[in-house]
Amino acid sequence: MPKVTYTSAGGDVSVLEGNAGDSVMEIAVRNGLPGIVAECGGSLACSTCHVYVRDDGHDSLPPLGEMEDEMLDGTVAERRSNSRLSCQLVLSANDHPHVETPESQV
Amino acid sequence: MPENHGILIVGASQAGVQLASSLRELGYADPITIVGAETHAPYQRPPLSKAYLQGLVTAEALAFRTQDYYDKHAIDMVLNERISDIDKAPDGSGTATATSGRKFVFDRLALTTGARPRRLEIEGADLDGVLYLRNADDAEEMKARMADAGSVVVVGGGFIGLEAAASAQKLGKSVAVLEAAPRLVGRAVGEETSEFFLKAHRARGLDVSLNAKILRFVGDGGGHVSGVELADGRVVPADIVLVGIGVVPRTELAEALGLACGNGIMVDEFSLASDGTTVVAGDCAELPNPMPREGAPQRLRLESVNNAVEQARNAATTVTGGRVPYRMVPWFWSNQGDIKLQMAGLSAGYDQIVTRGSVEDEKFSFVYYRDEQVIAADCINSPVDFLAIKALLAQGLNVPVDRVGDAGTPLKKMMAELLSTS
């Protein structure tokens, strides 16, 4: 099962498991993790599931899409080279990414 | 000491779940019970007309939270029970009774009852194959029937109708949209945006009829719908019909309780109903405009995820003893096939529209002004503009009407320049 490590801006660490096919956003929201808002539920409408992906463990993550790329230009927290919208990070069974959530999403 | 019964949230909806989550985040320690009439744990509705109908996501993937979350946060989720009667004392406490006879005692009541589809009561309304789309069971039935249908008629050219029409098209169906008004999405967007959608959908092969006066649903003699008859004599053939002509807020319980109701259960800016204790959030509420300004309606009802979430948060603050006037920038989205519409603000009362970007390339924003101040935008495939304008409205900023059309310069940059020179 995919496993995601979430580190908040304040340093809180949560490790959550999901199912293959879940996104990093879905696993966070379903477990009520603060730090990922995701008002639009993953339809690329709100840019409130912004995360910074740590180098380790994300070789196999889906590539940055065109609409996602545009939407990352409008996030509340600054965009960095490792910025992604977590709704687009759909995981397979062996993925164990580590993401940081920004200070603010809205 | 009397037993503590906590809050009863009627309606296992987006607003209901958000209210419960926000209460726990705010430190509310009393019992929380959510009662829902459906058999499914609370789930997202927007994908029902889009990804779900197209078979791209499963029902399980739409659930808001895991059962584990509800357990851990002591949120008692009661499904498959429809509250039909509520007795309430002047202090706000009382007992709700479900149609099964089960009783729920509460100290505080919340109504997040949502809305039901408006029905088209014409001849043939009860024919098999005349469908409505509001909940997961509706979507499941539509998906199943769509598999065997060749031709689909959608009655109503609003968001739900156009989203479902685009989904049916993707599944290879022949789709006709019948809209009674002279333009599409008339309740939600400006005339220019309506015009764009008409052209864009027709260019994609969707058969759209405006000013369509529907007389009756025609049956095949065996109790199943076979077409829709119009006043001009035309009969549009249909294996299934989806009626998407808006929703009616579920106010019955509130009315029975004697709460003031207009176009929804009336609340003040603290999400309180007229009894001063019951909180209300989401599609069922008629609320003071959360972004008040001259030329905009003073009270309204908002059918959106955004309002369900934000108003529920406001209600949670009220329940935990805070009093924060509800203010936010209303926003909406609609994905219709490959067309993404995002709207920020309310355009009512605008006196000028500026086009930013290219309508021909289907990548643009209509920016609405009143007295040279931005009040709203309809953004097509332009998420960056949408996010910038939503942020600008939230901060009370502006972009000059003579600059906004310069699509080569990001709005964020224009705003930064203006802030540094002012």
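See above for the structure.
Residues numbered from 1 in each chain as written. Chains lettered and ligands numbered in written order. Predicted model: local features only at pLDDT ≥ 70, side-chain atom pairs only at ≥ 80, totals over all residues. Heavy atoms only, no water.

**Remarks on the layout of surface pockets**
Turning to step 1, where the next piece is worked out: Space inside the second largest pocket adds up to approximately 880 Å³.
Turning to step 2, where the next piece is worked out: Taken together, 39 residues form the lining of the second largest pocket, with Gly-42 and Ser-43 of chain A together with Ala-51, Leu-56 and Val-57 of chain B sitting closest to its centre.
Turning to step 3, where the next piece is worked out: Mapped by element, the contributors of at least two residues to the lining of the second largest pocket are helix 1 (24-30) of chain A together with helix 4 (159-170), strand 23 (331-336) and strand 24 (339-345) of chain B.
Turning to step 4, where the next piece is worked out: The class makeup of the residues in the lining of the second largest pocket is 16 nonpolar, 14 polar and 9 charged. (1 Å grid on protein atoms, 1.4 Å probe; cavity = no way out; pocket = protein on both sides within 12 Å on 5 of 7 lines; lining within 4 Å. Points joined across faces, edges and corners; volume = space filled by probe spheres on them. Helix = DSSP H or I, 4+ residues; strand = E, 2+ residues; numbered from the N terminus. Nonpolar A, V, L, I, M, F, W, Y, C, P; charged D, E, K, R; others polar.)

**Looking at the state of the cysteines**
Turning to step 1, where the next piece is worked out: Under the definition given, this model contains 0 disulfides over all chains.
Turning to step 2, where the next piece is worked out: The closest cysteine sulfur to the non-disulfide-bonded Cys-87 of chain A is located on Cys-49 of chain A, 3.8 Å from its own sulfur.
Turning to step 3, where the next piece is worked out: Cysteine Cys-261 of chain B shares no disulfide, and the gap to the nearest cysteine sulfur, in Cys-284 of chain B, comes to 9.1 Å. (Disulfide = S-S within 2.5 Å.)

**Things to note about the sheet that holds strand 3 (residues 50-53) of chain A**
Residues and elements named next belong to chain A.
Turning to step 1, where the next piece is worked out: Sheet architecture is open: 5 strands sit in the order 2-1-5-3-4, paired in mixed fashion. Across the chains shown, the open sheet's two edge strands, defined by having one partner strand only, are strand 2 (13-17) and strand 4 (83-85). Strand after strand, the sheet turns through a mean of 35 degrees between neighbouring axes, direction not considered.
Turning to step 2, where the next piece is worked out: Bridge count for strand 1 (residues 3-7) against strand 5 (residues 98-100) is 3 bridges, and the pairing is parallel. Counterpart to Thr-5 in the pairing with strand 5 is His-98. (Pairing = 2+ DSSP bridges. Axes fitted to C-alpha atoms, helices over the stretch in contact; angles between N-to-C directions.)

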